[in-house]
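Read off the chains here:
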Amino acid sequence: MASVRADPAHRGGRTAAGAAAGLAAAFAGLAAAELTAAFVRPEASPLAAVGGAVVDRTPTAVKEWAVRSFGTSDKLVLTLGIAAVLAVLAACAGILAVRHPRPGCAAAAAVGLLGAAAALSRPGAGWKDALPSLVGSAVAAGVLYLLVTAVRRPRPAQGRPAGTWPMDRRGFGRLLTATVAASAVAGYAGRRLGAHGSAGATASRAGLVLPAPAVPAPPVPAGADLHVPGVGPFLTPAADFYRVDTALVVPRVDAGAWRLTLHGDGVSRPLTLTLPELLARPLTEHDITLCCVSNEVGGPYVGNARWLGVRLADLLREAGVRPPSRGGPADQLVARSVDGMTIGTPVETVMDGRDALLAVGMNGRPLPFAHGFPVRMVVPGLYGYVSACKWLTELRLTTFAAYDAYWVRRSWAQQAPVKTQSRIDTPRPSARLAAGRVAVAGVAWAQHRGIARVEVRADGGLWHEARLGASDGADAWRQWMWPWEAAPGEHTLEVRATDGRGDVQPQERRGTLPDGATGWHSVTVSVHA
Ligand SMILES: Nc1nc2c(c(=O)[nH]1)N[C@H]1C(S)=C(S)[C@@H](COP(=O)(O)O)O[C@H]1N2
Ligand SMILES: [Mo]
């Protein structure tokens, strides 16, 4: 035995077998966890739970870097990263187990326990959320034990002593393949069952008939959409609407079980509403542009939709809430979602007469699950992280002094009105264009103040006033277009907007932290004769 161990080739083979056993065992554990999560909730699966815990603990600077580098694929990158770390840990546990089975299998189980701890740390988690990871750890440890004892078992024909390698390589290979195949089937079944588990939510959305608005939005004015190729439609289809949230698994809420509670400081009549009770109130329809504070100058995290919902101010008044300017004790409205996100909005802003909505409809349809079904907030003029809570379930009145919401605890400002921005959508950066007339066009927004003017210049020359699309109200963006006589050469185009108060979009370049980026968007193109 000692001579076999001393042979580096044999040692290498055994290490490789241990690593492979560790990986296969981890895969089996994940599959078992996925299958268990189908009976608990999808958010309790270890990858989702660890991912969520990582998202909540990631420093803001790293998160901003991830959003900048990976855009909306940041969630996929995160999940792949966690899977890679898990793979390394699993391989190490396997390498240990092939030499010392019990400690190695205990190490594999311990990795699984991290998943259980992560699941328990998630907002709103109960003890059941630990189950998928616990089952996964037990399966991983058990499978690893079986695999490494198979590696260590001598081939009878050769009668080698225990602990020698090579064992029957083909036999071990078949065992690995069987483990991986069985796990793939179990994992797939888990995913399918999980989807089946949210069938109630899917049916509740399909069956939801939105009442007609008491206050309909006027039709979008002809001419709001300039129909310039390369500029998106005036109303952004839900499927193209940017998505920014911390949810690795989109919450699928069953509308039938949904409740909204409204309580807190200065609430004389606390409310608990079902969806039919909310929908029984008069509905308002309004076109509102939503944008994210993480949007860089020229970035994609902005969209415009026709929202249908209950005016939040009416509901607050019904509950006895007064704004601070009328002696109310609460200056902050904290919205909480089913997945624990908290978003704090100034009560004064919500009650100042603007169409701050508890939205149930987006472009004439119930909200998509990804955009907050069944109910979300939308407040014209504020960035999403201080106004637009999706999958809303609780509204609590408090003060800014007493409570910091999720992003505020992560260095973002407590209050964040939208900054005036304009974006060149066409031509694209680095475009190669033929000399002659080129349509330079895009969008500009300054929600609740409106856009009064957009100007464009080439190569730092004179500013030219762009033609504006018809206004659809101060809460929606405006399209703009400027016909440029492009001469051959490299050119830089710049845009700036002026809001309805006469304030020009500031030139000074500032980053997104803590309350939104500033600066002028510019695009460099090359024009050939
Ligand atoms: N529950 C929940 N609501 C949320 C968020 C979130 O992470 N969780 N993100 C907010 C942010 S930062 C923005 S910009 C908007 C984006 O809304 P959308 O994804 O529908 O475009 O949702 C807001 N509401
Ligand atoms: Mo955001």
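Keep in mind that what you see is a predicted model, and the values were worked out from it rather than measured.

Asks: Residue-level account of the confidence of the model for the protein chain, with values.
Replies: For the protein chain, the mean per-residue pLDDT works out to 93, and 95% of the residues sit at or above 70. Counting contacts from residues 1-8, a segment whose pLDDT is below 50, to residues more than four positions away or on other chains yields nine contacts.

Asks: Report on the sheet that holds strand β13 (residues 436-445), specifying residues and quantitative values.
Replies: The strands making up a sheet are joined through hydrogen bonds of the backbone, oriented either antiparallel or parallel. Strand order in the open sheet formed by four strands is β11-β13-β17-β16, and the pairing between neighbours is antiparallel. Each edge of the open sheet is held by one strand with a lone partner, namely β11 (421-426) and β16 (467-468). Both β13 and strand β17 (residues 478-486) contribute to a ladder of nine bridges, which runs antiparallel. Following the sheet pairing, glycine 442 is matched in β17 by tryptophan 480.

Asks: How would you explain the pairing of strand β4 (residues 302-311) if you had to name every residue and give the values?
Replies: For β4, the tally of buried residues reaches 10 of 10 residues, placing the bulk of the element in the interior. The pairing of strand β3 (residues 284-291) with β4 spans eight bridges and is antiparallel. Residue pairing for β4: aspartate 287 is matched across the bridge by arginine 306. In this sheet, strand β7 (residues 357-362) lies alongside β4 in antiparallel orientation, the contact comprising five bridges. Within β7, the position partnered with leucine 308 by the bridge is glycine 361.

Asks: How would you sum up the side chain of threonine 420? Please name residues and give values.
Replies: Looking at the element boundaries, threonine 420 is found in the loop between β10 (392-398) and β11. Taking relative accessible area as the criterion, threonine 420 reaches 9% and is therefore assigned buried. At a separation of 2.9 Å, a polar atom in the side chain of threonine 420 contacts the side chain of arginine 449. Setting aside residues up to four positions removed in sequence, threonine 420 forms contacts with Trp445, Ala446, Arg449, Ile451, Ala497, Asp499 and Gln505.

Asks: Kindly report on the UniProt feature "transmembrane region" (unreviewed entry) in the protein chain, identifying the contributing residues and their values.
Replies: UniProt marks residues 76-98, 105-124, 130-151 and 172-190 with the feature "transmembrane region" (unreviewed entry), using the numbering shown here. Its end C-alpha atoms 33 Å apart, residues 76-98 is made of 100% helix and 0% strand. Strand forms 0% of residues 130-151 and helix 95%; the C-alpha atoms that close the span are 32 Å apart.

Asks: If you had to explain the site of ligand 1 to someone new, which residues and values would you point to?
Replies: For ligand 1, the set of nearby residues contains 20 residues, the closest of which are Tyr242, Thr246, His371, Arg376 and Lys390. Taking alanine 388, its main chain carries an N or O atom lying 3.0 Å from a nitrogen atom of ligand 1. In the complex, the protein chains occlude 99% of the 530 Å² of accessible area that ligand 1 would expose alone.

Asks: Go over the side chain of aspartate 56, please, and point to the residues and values.
Replies: Along the chain, aspartate 56 turns up in helix α3 (residues 46-57). Residue classification places aspartate 56 among the buried residues on the basis of a relative accessible area of 17%. For aspartate 56, the side chain forms a polar contact with the side chain of tyrosine 406, separated by 2.4 Å. Those residues within four positions of aspartate 56 in sequence are excluded, and the remaining contacts are Arg122, Pro123, Tyr406 and Arg410.

Asks: Explain the pattern of salt bridges residue by residue, including any values.
Replies: Applying the stated criterion to the full structure yields 20 salt bridges. Between lysine 75 and aspartate 245 there is a salt bridge, with the nearest N and O atoms lying 2.9 Å from each other. Of this pair, lysine 75 sits in helix α5 (residues 74-99) while aspartate 245 sits in the loop between α9 (199-206) and β1 (260-264); the two residues are 170 residues apart in sequence, bridging distant segments of the chain. What makes lysine 75 buried here is its relative accessible area of 18%. For aspartate 245, a relative accessible area of 17% corresponds to the buried category. Several salt bridges converge on common partners, so that one network encompasses Lys75, Arg243, Asp245 and Lys390.

Asks: Can you tell me about the UniProt feature "domain: Oxidoreductase molybdopterin-binding" (unreviewed entry) in the protein chain, naming the residues and giving the values?
Replies: UniProt records the feature "domain: Oxidoreductase molybdopterin-binding" (unreviewed entry) for residues 249-406 in the present numbering. Annotated as 10% helix and 35% strand, the span residues 249-406 places its first and last C-alpha atoms 18 Å apart.

Asks: Describe the sheet that holds strand β19 (residues 521-528), with residues and values.
Replies: With mixed pairing, the five strands of this open sheet are ordered in space as β12-β19-β18-β14-β15. Every interior strand has two partners, whereas the edge strands, β12 (432-434) and β15 (464-465), have only one. Relative to β19, strand β18 (residues 489-499) runs antiparallel, the two being bridged by seven bridges. Each bridged residue has a counterpart across the sheet, and for glutamate 490 the counterpart in β19 is serine 526.

Asks: Tell me about the nonpolar core, residues and numbers included.
Replies: Core analysis: the largest hydrophobic core is formed by 85 residues, its most contacted members being Leu278, Trp307, Leu358 and Leu395. Residue assignment places this core across two domains, with domain 2 (238-410) and domain 3 (421-528) each supplying three or more. Apart from residues lying up to four places away in sequence, leucine 278 is in contact with Trp258, Leu273, Val310, Leu315, Leu358, Val360 and Val375. With 22 residues, the next largest nonpolar core counts Ala444, Ala446, Ala458 and Val495 among its residues.

Asks: Got a sec to walk through the pairing of strand β14 (residues 451-458)? Specific residues and values, please.
Replies: Across the eight residues of β14, six count as buried, placing the element largely inside the fold. By the bridge criterion, seven bridges tie β14 to β18 in an arrangement that is antiparallel. Counted as the bridge partner of arginine 457 is glutamate 494 from β18. Pairing between β14 and β15: two bridges, direction antiparallel. By the bridge assignment, valine 456 is partnered in β15 with histidine 464. In this structure, the hairpin formed by β14 and β15 is closed by a connection of five residues, where aspartate 459 is found at a positive phi of approximately 55°.

Definitions and cut-offs
- Residues numbered from 1 in each chain as written.
- Chains lettered and ligands numbered in written order.
- Predicted model: local features only at pLDDT ≥ 70, side-chain atom pairs only at ≥ 80, totals over all residues.
- Heavy atoms only, no water.
- pLDDT = per-residue confidence, 0-100.
- Contact = heavy atoms within 4.5 Å.
- Pairing = 2+ DSSP bridges.
- Helix = DSSP H or I, 4+ residues; strand = E, 2+ residues; numbered from the N terminus.
- Buried < 20%, exposed > 50% of the residue type's maximum accessible area, 1.4 Å probe, protein only.
- Polar contact = N/O pair within 3.5 Å; in protein donor to acceptor, adjacent residues only side chain to side chain.
- UniProt positions renumbered as here; feature names shortened; annotations may be inferred.
- Near = heavy atom within 4 Å.
- Areas by Shrake-Rupley, 256 points an atom, 1.4 Å probe, with all protein chains shown as cover.
- Salt bridge = Lys/Arg side-chain N within 4 Å of Asp/Glu carboxyl O.
- Core = buried A, V, L, I, M, F, W, Y, C linked by side-chain atoms within 4.5 Å.
- Domains from an automatic or database assignment.

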